[in-house]
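One-letter residues, chain by chain:
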Amino acid sequence: MRASRPLAALTGFALLGIALTACQDQASGQIVARNDGRVVQTLTNPSVRGCHRFPGGVTHVTNLTQSSLRMYTTRDCTVPAGGAYDFVDIGATDQVVRSTGLWNSFDFAPE
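Residues numbered from 1 in each chain as written. Predicted model: local features only at pLDDT ≥ 70, side-chain atom pairs only at ≥ 80, totals over all residues. Heavy atoms only, no water.

**So, the environment of T62**
Mapped onto the fold, T62 is located in strand 4 (residues 60–65). Residue T62 is classed as buried on the basis of its relative accessible area of 13%. For the pair T62 and Q30, spaced 32 residues apart in sequence, the C-alpha to C-alpha distance is 8.2 Å. When sequence neighbours within four positions are dropped, the list of residues in contact with T62 reads Q30, I31, V32, R34, A92 and T93. In this structure the side chain of T62 is engaged in a polar contact, spanning 3.2 Å, whose partner is the side chain of T93. (Helix = DSSP H or I, 4+ residues; strand = E, 2+ residues; numbered from the N terminus. Buried < 20%, exposed > 50% of the residue type's maximum accessible area, 1.4 Å probe, protein only. Contact = heavy atoms within 4.5 Å. Polar contact = N/O pair within 3.5 Å; in protein donor to acceptor, adjacent residues only side chain to side chain.)

**So, the sheet that holds strand 7 (residues 93–95)**
Strand order in the open sheet formed by four strands is 2-1-4-7, and the pairing between neighbours is antiparallel. Two strands close off the open sheet at either side, each with one partner strand: strand 2 (38–44) and strand 7. The sheet shows a mean angle of 15° between the axes of neighbouring strands, taken without regard to direction. Bridge count between strand 1 (residues 29–35) and strand 4: six bridges; the pairing is antiparallel. For A33, the partnering residue across the bridge sits in strand 4 and is V61. (Pairing = 2+ DSSP bridges. Axes fitted to C-alpha atoms, helices over the stretch in contact; angles between N-to-C directions.)

**A short note on unusual backbone geometry**
Positive phi, normally seen in glycine, also occurs at D36, with a value near 50°. Tracing the sequence through the fold places D36 in the loop between strand 1 and strand 2. The class for D36 is exposed, based on a relative accessible area of 60%. Non-glycine residue C77 carries a positive phi angle of around 55°. Turning to its location among the elements, C77 is positioned in the loop between strand 5 (69–72) and strand 6 (86–88). Assessed through its relative accessible area of 13%, C77 is described here as buried.

**Details of the packing of aromatic side chains**
Evaluation of the coordinates by the stated rule reveals three aromatic pairs. With centroids separated by 5.8 Å and ring planes inclined at 80°, the aromatic side chains of F106 and F108 adopt a geometry described as edge-to-face. For F106, a relative accessible area of 0% corresponds to the buried category. An aromatic cluster of three or more residues is present, and its members are F54, F106 and F108. The ring centre of Y85 lies 5.5 Å from the NZ or CZ of R70, which sits over that ring. (Phe/Tyr/Trp six-rings, centres within 6.5 Å; stacked < 30°, edge-to-face > 60°. Lys NZ or Arg CZ within 6 Å of the ring centre and 35° of its normal.)

What follows is the structure, given as structure tokens:
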């Protein structure tokens, strides 16, 4: 059974689209950072690579991307001695616990 040329071309474009989507360097969506209710930063389609810093500490983060976040109190996405990072899942909103201090940076959790 032979496939028509338009069907073969459409199938090829669909497979190419799937392949390109799987290799994205950006997280689709937005991250909204607030400090005591005031929006400090909104990131749209941020890179999934590396550490991202907030301009000053933030108290709330809304993750509207398709990737989970790891939140840090340090400026360089490291965990201080005796500390830990916080996890903000896809589509979630979270706020810092007063005892940990403000979030200063984040990166994307590995899939």
